[in-house]
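Listed here are the chains, written in short residue letters.
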Amino acid sequence: MNWTSAADYQDIRYELSGDGIAKITINRPEVRNAFRPETIIEISDALEKAREDETVGVIILTGEGPLAFCSGGDQRVRGDTGYVPGGKSVGRFHVTDLHVQIRRLPKPVVAMVAGYAIGGGQILHLVCDLTIAADNAKFGQTGPRVGSFDGGYGASLLSRLVGPKKAKEFWFLCRQYDAQQALDMGLVNTVVPLDRLEEETVQWCREMLALSPFALRLVKLSFHAEEDGMAGIQQLAHDANLLFYGSDEAKEGREAYKAKRRPDFSQFPKRS
Ligand code: 2NE
C-alpha cells in the first residue's frame, strides 16, 4: 500500500491512500507509542483534517511498528494535575476530548492494532468504530497498577462490549488478553496474521467506501445516540436537520425570511 504524507507532525504521521482512506499513526515506538499531550493535540488536528477532507471516507488509527498500538498516557509527563504539555505547569486529560471527537466524527474510524493496546491505548481502540487486530495484539488495563483509572468510556463501553464481570476483571486484575481472547469476548472485529494486518484493514475500509457515506454517518451516530445521552441525540438530531435543509419546505422558510415575507407552508403535506 502506497501512502502519501499529507501533513507534517512531530508525534504522528498523517497519510492518505488516494482512494478515500486517511491513516493516522502514533509514531513514538521507543515508548510503545505512549501519548503525551502534544500527541493527542496532533491526532485531534489530523482527525479534523480527515473530517473536513471530502475525499476521505474512512480513517485508520494505528501505532508505529509491530510492538504496540499504544501504551496509554506517557507516564514521564504525568504530573499532579494530569498530563502536562511541555512549557506548561498545569496539566489535564487531553485524551478525554479525543474520545468524544472520535465518537462524534461522522466517518468510520478503524483501529488497526498490532502489539500492545494497553491502558489509555486500550481505551483509544475501544472508542474507534471497528478494531482489526494482528495475531500479536495484547489488550489490557494497568490503571490501578500505576495509580490511575478511566471510569468514562473505559468502563462503560468496555462493559457494554464484554459484559460487566469481564470489564471489572480487566480493571480489577490488570491482566493482559491476547488477540484470540479479545475476539472471543467481542472486543475486536477480526484477527489476522501480523503481516496481513494493513491489507485486511484497508480491505475493510474499501468495503465501507463502496457504501453510502451518509448512511454510514447516520448509522454511526444512531449507535451513539442512546449511549452518549443528550450529546448523542443532539448529533443525530442535527443530522436530521442537515437533511431537512435540502427539502423545499425548509427552503421556503429560509427564502421567506430573506425576502422579508410571510412563509407559505400551506403547500406542504401534514405528513401522517
Ligand atoms: C506496554 C507494555 C506492556 C510493553 O511492555 P514491553 O516489555 O514490550 O516494553 P517495556 O520495556 O516495558 O517498554 C519499552 C520502553 O517504553 C517505555 C518503557 O518505560 C520503556 O522505556 P525504556 O526502559 O526503554 O527507557 N514505556 C512504555 N509504556 C510507557 C508509558 N505509558 N509511558 C512512558 N513510557 C512508557 C509496558 O511498557 C507497559 O506496561 N507500559 C505502561 C502502560 C501504562 O501503565 N500506561 C499508562 C496507563 S494510565 C493511562 O493511560 C491514562 C489513564 O488511566 C487516564 C487518562 C489518561 C491516560
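Structure shown above.
No experiment lies behind these values; they were computed from the predicted model shown.

> Account for unusual backbone geometry, naming residues and giving values.
Negative phi values dominate among residues other than glycine, just as trans dominates among peptide bonds. A positive phi is found at C174, a non-glycine position, where the angle reads about 55 degrees. On the secondary structure map, C174 appears in the loop between α6 (164-173) and β12 (176-178). For K260, which is not glycine, the phi torsion reads 55 degrees and is therefore positive. Note on placement: K260 falls in the segment after α11 (248-259).

> Could you give an account of the site of the ligand, with specific residues and numbers?
Near the ligand you find 21 residues, and of these S71, G73, G120, T142 and S148 are the closest. Between the ligand and the protein, one listed contact pairs an oxygen atom with a backbone N or O atom of G120 at 2.9 Å. A distance of 2.6 Å is found between an oxygen atom of the ligand and a side-chain nitrogen or oxygen belonging to S148. Across the shell around the ligand, the residue classes break down as 9 nonpolar, 9 polar and 3 charged.

Rules behind the numbers
- Residues numbered from 1 in each chain as written.
- Predicted model: local features only at pLDDT ≥ 70, side-chain atom pairs only at ≥ 80, totals over all residues.
- Heavy atoms only, no water.
- Helix = DSSP H or I, 4+ residues; strand = E, 2+ residues; numbered from the N terminus.
- Near = heavy atom within 4 Å.
- Polar contact = N/O pair within 3.5 Å; in protein donor to acceptor, adjacent residues only side chain to side chain.
- Nonpolar A, V, L, I, M, F, W, Y, C, P; charged D, E, K, R; others polar.

Geometric values such as these leave the question of function open.
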